[in-house]
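Chains, contacts and geometry: an overview
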Amino acid sequence: MAWCPNCKTEYRDGVTKCADCGADLVDELKEEETICVATFEEKRLANKFQEFLIYSEIEGSDISFDPNEDVFVVNVTSSKADEAKKLFETFKANEANNEEPTSEEELEEEFDSMSDQSEADVPIKQIMPESTTTYVKKKDRYADLRSTFWIFIVFGIGGLIFTGLNMAEVITFLNNYFQYTIMSLVSLFFIFVAIKSLLDSKRIYHEIDQEEESTEQIKKWLQENMTKEALSQFDDDSLSPEIIYLKKTEYMKAQIYEAFDIDNDLFTDEIIEEYYNEYIE
């Protein structure tokens, strides 16, 4: 069988040209690289965005879980990445303002509305809602994990001591082996969570200095290269301040990716927002 490398359409043997785009057909399609276009803290939102991509005729997306960042990642093929990222901005804007649809008909109406919005200017406050994707710094994650460790280890060990005292009949809040077993299992689960949090915190602790160093390097580079004068090329009286802001930050993001080896959109967005608020506004 023959395939169109552009349209991904399959043709019968003997056909040499694609009927839609005119490209020469190939015997086998090369596997395209996949690119992350969106991250979500909730699996529900990741699934919904994937449905929106399919509705918008972007096929071949997949969802994976990143345990390091604790987010769900939506990937698409490189040829569809730019279009998918634009759809993601529209999706975020819609999620910031709409209630969850309760039926397939309402979901389809919502997707229709988002498709219309994707061609229009969307206010920046809608484009970047705080609740959809927020980067958590390694230092803050470390503090959260250490706090979780102490809370769960205290309750876990305390639960085992409490169970032991009941079994020894020093106190009599529990009075049968079923209750002893349940209490012991709950306490052991708490201890397991505590140990996991401790191990995760140790791993993240060694990444804090590297993140802070990278942040300082990027901010210093931004101060040298992304000045108000350099970004003034995007000033346009015919455009709203929100759209100008979006153009400037997208340009800054693209330049950062060219200058540094970074593969975390949330980390980059956090740095850009901090820098923009401190030095550009």
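Here, every reference points to the structure presented above.
Residues numbered from 1 in each chain as written. Predicted model: local features only at pLDDT ≥ 70, side-chain atom pairs only at ≥ 80, totals over all residues. Heavy atoms only, no water.

**Let's talk about helix H9 (residues 265–280)**
When H9 is considered as a whole, its buried residues turn out to be Leu 266, Phe 267, Thr 268, Ile 271, Ile 272, Tyr 275, Tyr 276 and Ile 280. Buried residues along H9 sit in contact with strand E3 (34–40), helix H6 (177–225), helix H7 (228–231) and helix H8 (241–259). Measuring from the backbone nitrogen of Leu 266 back to the side-chain oxygen at the start of H9 gives 3.0 Å, which picks out Asn 264 as the cap. (Buried < 20%, exposed > 50% of the residue type's maximum accessible area, 1.4 Å probe, protein only. Helix = DSSP H or I, 4+ residues; strand = E, 2+ residues; numbered from the N terminus. Contact = heavy atoms within 4.5 Å. Polar contact = N/O pair within 3.5 Å; in protein donor to acceptor, adjacent residues only side chain to side chain.)

**Digging into the side chain of Thr 163**
Position of Thr 163 relative to the elements: it lies in helix H5 (residues 138–167). For Thr 163, a relative accessible area of 2% gives the class buried. In this structure Thr 163 touches Tyr 180, Met 183 and Ser 184, once residues within four positions along its chain are discounted.

**A closer look at the side chain of Glu 211**
One can find Glu 211 in helix H6. Salt bridges are absent for the buried Glu 211, whose nearest opposite-charge side chain, Lys 138, sits at 5.2 Å. Of note is the side chain of Glu 211, whose polar atom sits 2.9 Å from the backbone nitrogen of Lys 138. Sequence-distant contacts of Glu 211, that is, excluding residues within four places in its chain, are made with Tyr 135, Lys 137, Lys 138, Lys 139 and Phe 267. (Lys, Arg positive; Asp, Glu negative; His and termini not counted. Salt bridge = Lys/Arg side-chain N within 4 Å of Asp/Glu carboxyl O.)

**Side note on the packing of H6 against H8**
Taken N-terminus to C-terminus, the directions of H6 and H8 make an angle of 120°; their axes are 11 Å apart at the nearest point. Relative to H8, the element H6 lies oblique. Between H6 and H8 lies a crossing of right-handed hand. Where H6 abuts H8, its residues Ile 218, Trp 221 and Leu 222 lie against Met 252, Gln 255, Ile 256 and Ala 259. Looking at the contact of H6 with H8 residue by residue, the class counts come to 6 nonpolar, 1 polar and no charged. (Axes fitted to C-alpha atoms, helices over the stretch in contact; angles between N-to-C directions. Parallel < 35°, antiparallel > 145°, perpendicular 65-115°, else oblique. Left-handed = near helix turned anticlockwise from the far one by under 90°. Nonpolar A, V, L, I, M, F, W, Y, C, P; charged D, E, K, R; others polar.)

**Examining the pattern of salt bridges**
In this structure the tally under the stated criterion is 12 salt bridges. Between Lys 196 and Asp 200 there is a salt bridge, with its nearest N and O atoms 3.1 Å apart. Pair noted here: Lys 196 and Asp 200 are both in helix H6, with a separation of 4 residues, about one helical turn. Ionic pairing is found between Glu 207 and Arg 203, a salt bridge with its closest N-O pair at 3.7 Å.

**Focus on the nonpolar core**
One recurring pattern in soluble globular proteins: nonpolar side chains tend to sit buried together. The biggest cluster of nonpolar side chains holds 18 residues, and the ones touching the most others in it are Ile 218, Leu 222, Met 226, Met 252 and Ile 256. The set of elements that each furnish at least two residues to this core consists of H6, H8 and H9. By residue number, the principal contributor to this core is H9, which donates 7 residues. Ignoring anything within four residues of it in the chain, the contact list for Ile 256 reads Ile 218, Trp 221, Leu 222, Ile 262, Thr 268 and Ile 272. If you look at the next biggest cluster of nonpolar residues, it comprises 17 residues, including Ala 46, Phe 52, Leu 87 and Phe 88. (Core = buried A, V, L, I, M, F, W, Y, C linked by side-chain atoms within 4.5 Å.)

**Regarding the sheet that holds strand E4 (residues 62–66)**
One open sheet accounts for 3 strands, arranged E3-E5-E4; its pairing is antiparallel. At either margin of the open sheet sits one strand with a lone partner, and together these are E3 and E4. In this sheet, adjacent strand axes meet at a mean angle of 35° when their direction is disregarded. Alignment of E3 against strand E5 (residues 71–77), held across 6 bridges, turns out to be antiparallel. Bridge pairing in E5 links Cys 36 to Asn 75. In this fold helix H1 (residues 43–55) packs onto E3, E4 and E5, with an angle of close to 15° to the strand it touches most, E5. (Pairing = 2+ DSSP bridges.)

**Quick notes on the packing of H5 against H6**
Relative to each other, H5 and H6 sit at 160°, their axes nearing to 7 Å. Compared by their axis directions, H5 and H6 come out roughly antiparallel. Of the two elements, H5 crosses H6, and the hand of that crossing is left-handed. Along the lines of polarity and charge, the residues of the contact of H5 with H6 split into 21 nonpolar, 9 polar and 8 charged.

**Digging into the environment of Tyr 279**
When you line up the elements, Tyr 279 lands in helix H9. Excluding its chain neighbours within four sequence positions, the residues that come into contact with Tyr 279 are Gln 223 and Lys 228. Among the polar contacts listed, one links the side chain of Tyr 279 to the side chain of Gln 223, at a separation of 2.9 Å. Reaching out from Tyr 279, the side chain makes a polar contact with the side chain of Glu 278 at a distance of 3.3 Å.

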